[in-house]
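Descriptive structure summary
Letter by letter, the chains look like this.
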Amino acid sequence: AVGDKITCDMLDQLSLRSYPLCMQTLHNHIKVKHHAKHEGRMQYGLFLKGMGVSLEESLKYWRTQFCKGGIDTEKFDKTYAYNVRHNYGKEGKRADYSPFSCLKIISSSEPKGDECHGCPYKHSDELSLRHLLEKRKISAEATEEILGLKRQGHYQVACMSLFKATHPKEGLHGGLQHPNQYFEESQTILSG
Ligand code: SF4
């Protein structure tokens, strides 16, 4: 799998072109604030697992970020490491939790305050979405197409349009169901 050798110092680079907007937004939020609320940690943490990032690398990623935000290692290990291990099925019922699908993310609760989970096509207002798209340096035409699809409630189709606008070949055949699908198809195209 693509993720077998993914270490946490590669995530910045990978997030630039191969993450869908939902995960890029979370990644950048954590990079700046060095924190994320529970829902966001679940959404991004399970995505990382889905990419094939090992439990050890995930723990390193979250520990590094949270410690930069002023949480000491001891508190991290007591409070947050449990959740990371839990996501990997190493705590609690030892269930193997699946990364969230688009449908689950789109229908998640409205992010409030400092929360950063959800699907930007659904949960961001038009202006914020426009700002996110500007950072991806796509054409004005592609931007308007995506905003139009958002208005009509076609969130996954909007996400596929961004994929098309940022990859040399068309991808995502058969529709988009999952953020990890977006990532994998992007990596296949960009490294192929
Ligand atoms: Fe993420 Fe799916 Fe929304 Fe794209 S459509 S941003 S992959 S939840």
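Model, not experiment: these values are computed from the prediction.

1. Concerning the overall build of the chain
A count of helical and extended segments in the chain gives eleven helices and zero strands. Each helix (α) and strand (β) of the chain, taken in turn from the N terminus, gives the series α-α-α-α-α-α-α-α-α-α-α. Since a compact globule built from 192 residues should have a radius of gyration of about 16 Å, the 16 Å found for the chain is in line with a globular shape. If you line up the chain on its principal axes, its C-alpha atoms span 50 × 40 × 30 Å. Looking at the chain residue by residue over its 192 residues, the buried ones come to 48%. In the chain, once contacts between residues fewer than 6 apart in sequence are set aside, the share between residues at least 24 apart is 59%. Taking the 27 positively charged and 23 negatively charged side chains of the chain as two groups, their mean positions are separated by 2 Å.

2. What about the nonpolar core?
Within the largest apolar cluster, 52 residues are counted, with the highest numbers of intra-cluster contacts made by Leu11, Tyr19, Tyr44, Leu48, Met51, Trp62 and Tyr121. Residues lining this core come from more than one domain, with at least three contributed by each of domain 1 (2-87) and domain 2 (103-191).

3. As for the site of the ligand
Neighbouring the ligand are the residues Pro20, Cys22, Cys102, Ile105, Cys119, Tyr121, Gln156, Cys159 and Pro179. Elements supplying a minimum of two residues to the shell around the ligand: helix 6 (102-106) and helix 10 (155-166). A class-by-class count of the residues in the shell around the ligand yields eight nonpolar, one polar and no charged.

4. Some points on the packing of helix 1 (residues 11-18) against helix 11 (residues 179-191)
Look at helix 1 against helix 11: their axes get within 10 Å of each other, and the N-to-C directions meet at 95°. Classified by the interaxial angle, the pair formed by helix 1 and helix 11 is roughly perpendicular. From helix 1, Leu14, Arg17 and Ser18 reach across to helix 11, where they touch Tyr182, Phe183, Ser186, Gln187 and Leu190. Of the residues in the contact of helix 1 with helix 11, the class split is four nonpolar, three polar and one charged.

5. What about the domain arrangement of the chain?
Along its sequence, the chain is organised into domain 1 (2-87) and domain 2 (103-191). Contacts between the two partners involve 23 residues from domain 1, matched on the other side by 27 residues from domain 2. Taking both partners together, domain 1 and domain 2 bury about 2,100 Å²; carbon and sulfur atoms supply 64% of that area. For the pair domain 1 and domain 2, the interface holds one salt bridge.

6. Remarks on the environment of Ala36
Along the polypeptide, Ala36 turns up in the loop between helix 2 (21-33) and helix 3 (38-51). Considered as a pair, Ala36 and Phe66 are 30 residues apart in the sequence and their alpha carbons are 8.8 Å apart. With residues near it in sequence (within four places) discarded, Ala36 still touches Ile30, Arg41 and Phe66.

7. Quick look at the packing of aromatic side chains
In this structure the tally under the stated criterion is 13 aromatic pairs. Considering the side-chain rings of Tyr44 and Phe47, the 6.2 Å spacing of their centres and the 20° angle between planes classify their relative orientation as stacked. Of this pair, Tyr44 and Phe47 are both found in helix 3, three residues apart, which corresponds to roughly one turn of the helix. For the pair formed by Tyr44 and Phe47, the shared burial category is buried. Taking 6.0 Å as the distance between ring centres and 75° as the angle between the ring planes, the aromatic pair formed by Tyr44 and Trp62 counts as edge-to-face. Highlighted residues: Tyr44 in helix 3 and Trp62 in helix 4 (residues 55-68), separated in sequence by 18 residues.

Rules behind the numbers
- Residues numbered from 1 in each chain as written.
- Predicted model: local features only at pLDDT ≥ 70, side-chain atom pairs only at ≥ 80, totals over all residues.
- Heavy atoms only, no water.
- Helix = DSSP H or I, 4+ residues; strand = E, 2+ residues; numbered from the N terminus.
- Rg over C-alpha atoms; globule rule 2.2 N^0.38 Å.
- Buried < 20%, exposed > 50% of the residue type's maximum accessible area, 1.4 Å probe, protein only.
- Contact = heavy atoms within 4.5 Å.
- Lys, Arg positive; Asp, Glu negative; His and termini not counted.
- Charge placed at Lys NZ, Arg CZ, Asp CG, Glu CD.
- Core = buried A, V, L, I, M, F, W, Y, C linked by side-chain atoms within 4.5 Å.
- Domains from an automatic or database assignment.
- Near = heavy atom within 4 Å.
- Nonpolar A, V, L, I, M, F, W, Y, C, P; charged D, E, K, R; others polar.
- Axes fitted to C-alpha atoms, helices over the stretch in contact; angles between N-to-C directions.
- Parallel < 35°, antiparallel > 145°, perpendicular 65-115°, else oblique.
- Buried area = accessible area lost by both parts, 1.4 Å probe.
- Salt bridge = Lys/Arg side-chain N within 4 Å of Asp/Glu carboxyl O.
- Phe/Tyr/Trp six-rings, centres within 6.5 Å; stacked < 30°, edge-to-face > 60°.

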